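Tertiary structure, described
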Amino acid sequence: MSKSALITGITGQDGSYLSELLLAKGYTVHGIVRRSSSFNTARINHIYEDPHVSGRRLILHYADLTDSTGLRRVLETALPDEIYNLGAQSHVKVSFENPEYTADSVAVGTLRLLDCMRDHIEHTGREVRFYQAGSSEMFGAAKPPQNELTPFYPRSPYAVSKVAAHWYAVNYREAYKLFISNGLLFNHESPRRGETFVTRKITRAVGRIKAGLQDKLFLGNLDARRDWGFAGDYVEAMWRILQHSEPDDFIAATGEAHSVREFLDEAFSHVNLDWQEYVEIDPLYFRPTEVDYLLGDPSKARTKLGWRPKTTFRELVQMMVDSDVRLAEEERLISPKKVVAAAR
Ligand code: NAP
Ligand code: F7E
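This section reports on the structure supplied with the text.

How each quantity is defined
- Residues numbered from 1 in each chain as written.
- Chains lettered and ligands numbered in written order.
- Predicted model: local features only at pLDDT ≥ 70, side-chain atom pairs only at ≥ 80, totals over all residues.
- Heavy atoms only, no water.
- Helix = DSSP H or I, 4+ residues; strand = E, 2+ residues; numbered from the N terminus.
- Contact = heavy atoms within 4.5 Å.
- Salt bridge = Lys/Arg side-chain N within 4 Å of Asp/Glu carboxyl O.
- Buried < 20%, exposed > 50% of the residue type's maximum accessible area, 1.4 Å probe, protein only.
- Arc of directions from axis to C-beta.
- Near = heavy atom within 4 Å.
- Polar contact = N/O pair within 3.5 Å; in protein donor to acceptor, adjacent residues only side chain to side chain.
- Areas by Shrake-Rupley, 256 points an atom, 1.4 Å probe, with all protein chains shown as cover.
- Pairing = 2+ DSSP bridges.
- Nonpolar A, V, L, I, M, F, W, Y, C, P; charged D, E, K, R; others polar.
- Domains from an automatic or database assignment.

Okay, the side chain of threonine 41 next. Relative to the assigned elements, threonine 41 resides in the loop between β2 (28-33) and β3 (58-62). The contacts of threonine 41, once residues within four sequence positions are left out, are Thr11 and Val33.

Given below as structure tokens:
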């Protein structure tokens, strides 16, 4: 019998790569999609299967992490062997503006899902494994490099909520002897990255500037340093974490950090442009409390899971720029007018 997985956040960047990985491994994949007035499935349209087709292996369910009745119903219908909890209001800056919703979806949402799983296991006797999408943001102001033993020092409502979710997961693992693991993933990016995160905002701008659709790029703090990897490599780490012999917590990172400024250098120079001619600093993008320097130590994942990232920083930036140059060229052909960049 092939395995079945349930993914919250399947319409997000990681959810789409993880779905591809699990489908390729023969899994049946159930995904939770939240209701929206416009389509929010662009990242998974290429693997979407019509509900009228029999034997399909990608099945979508409407539910929301803020609604436990729906979560419970999906769990009872999908009967997953593995749950990947990737759903979240995942934008750090937005979490300062919507702190309560961020806590509800990220912290309490995780608690809701854990509690549904606990009841489900108790009633059915099934074995279910749970992956919790933790974040390097939980380390926040802690001195780099950060490893699994580094104490958390969260610097945003998002990060505080992820810390709460992490400890809910640890507590449910210890209290009810459940297979629950936390991935502590450092920033990972791709051509599917949301357009308001700094890497994609930069590569989108490079494409548009090159196509003559944009003149300026407004950014915040260029000195922040991040350990940036490729999302396609990181979903492999999530899967390996759940295949491990016992539940545990693991960092996934490259072990190399770069500043936003270095990302700009790499991205603009790839198309022979000088970013200093286009970038302006706008305090709108500063955060009330910033995370200056994240650098992960992935030794434990390497030793215990045999996981290591395959994509280098340069390959990642060039992959994103190339993709966004193509996208902007398509945009130019459809609508050759300059686009006014929305405040992000
Ligand atoms: P993302 O692209 O922002 O995707 C987030 C997903 O969560 C989307 O599918 C979104 O649905 C869904 N979602 C939001 N609110 C929800 C709710 N109330 N109920 C159900 N689903 C909801 O994030 P990502 O980059 O793929 O990251 C995946 C997870 O890893 C997130 O938990 C994130 O916090 C965490 N993480 C990310 C990184 C990173 O660098 N990417 C690093 C560490 C941890 P819509 O599509 O409808 O918006
Ligand atoms: O910011 C600086 C900003 O929004 C990176 C999420 O996936 O990774 C992500 O969180 C840095 C920060 O990512 C702009 O101040 C400068 O220092 O791309 P970001 P993030 O905050 O690191 C972690 C691991 C997650 O878990 C989160 O879910 O870039 N920065 N200028 C800017 N950032 C943005 N967004 N926009 C700017 O204009």
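Our focus in this paragraph is the pattern of salt bridges. Taken as a whole and judged by the stated rule, the model has 21 salt bridges. Ionic pairing is found between lysine 93 and glutamate 97, a salt bridge with its closest N-O pair at 3.5 Å. Residue lysine 93 and its partner glutamate 97 are located together in helix α3 (residues 92-97), separated by 4 residues, close to a single helical turn. Judged by relative accessible area, which is 16%, lysine 93 ranks as buried. The partner of arginine 208 in a salt bridge is glutamate 331, with the nearest N and O atoms 3.3 Å apart. Of the two residues, arginine 208 is situated in helix α6 (residues 198-210) and glutamate 331 in helix α10 (residues 313-334); the sequence distance between them amounts to 123 residues. Of the residues examined, arginine 208 reaches a relative accessible area of 7% and is grouped as buried.

The next subject is helix α2 (residues 68-78). Gly70, Leu71, Val74, Leu75 and Ala78 are the residues of α2 that are buried. With its buried residues spanning 135 degrees around the axis, α2 presents them on a single face. Turned more than 90 degrees away from the buried face of α2, the exposed residues are Thr69, Arg73, Glu76 and Thr77. The inward-facing, buried residues of α2 contact β1 (4-8), β2, β3, β4 (82-85) and α4 (99-124). Trailing α2 by a residue or two, leucine 79 shows a phi angle of about 45 degrees, which is positive.

The local shell around ligand 1 holds 25 residues, among which Thr11, Asp14, Ser90, Tyr101 and Tyr158 are the closest. One nitrogen or oxygen atom from the side chain of arginine 193 is found 3.2 Å from a nitrogen atom belonging to ligand 1. Against a free-state accessible area of 900 Å², the protein chains account for coverage of 90% of ligand 1. Listing elements by their share of the shell around ligand 1, those giving two or more residues are α1 (13-24), α4, β5 (129-135) and α5 (157-176). For the shell around ligand 1, the element with the most residues is β5, which contributes 3 residues.

Attention now goes to the pairing of β1. Burial runs high along β1: 5 of the 5 residues are buried. Covered by surrounding structure in β1 are Ser4, Leu6 and Thr8 together with Ala5 and Ile7, the residues of both alternating faces. As judged from the 4 bridges shared by β1 and β4, these two strands associate in the parallel manner. By the bridge assignment, alanine 5 is partnered in β4 with glutamate 82.

With that settled, the discussion passes to the site of ligand 2. Within the structure, ligand 2 sits among 23 residues, and Ser90, Ser135, Tyr158, Arg287 and Glu290 are positioned closest to it. A distance of 2.9 Å separates a nitrogen atom of ligand 2 from a polar backbone atom of threonine 196. A distance of 2.8 Å is found between an oxygen atom of ligand 2 and a backbone nitrogen or oxygen belonging to valine 198. Against a free-state accessible area of 700 Å², the protein chains account for coverage of 96% of ligand 2. Among the secondary structure elements, those contributing two or more residues to the shell around ligand 2 are α6 and β8 (217-219). Per-class residue counts for the shell around ligand 2 are 9 nonpolar, 8 polar and 6 charged. Looking at which domains feed residues into the shell around ligand 2, each of domain 1 (4-190 + 227-252) and domain 2 (198-225 + 257-293 + 312-334) gives three or more.

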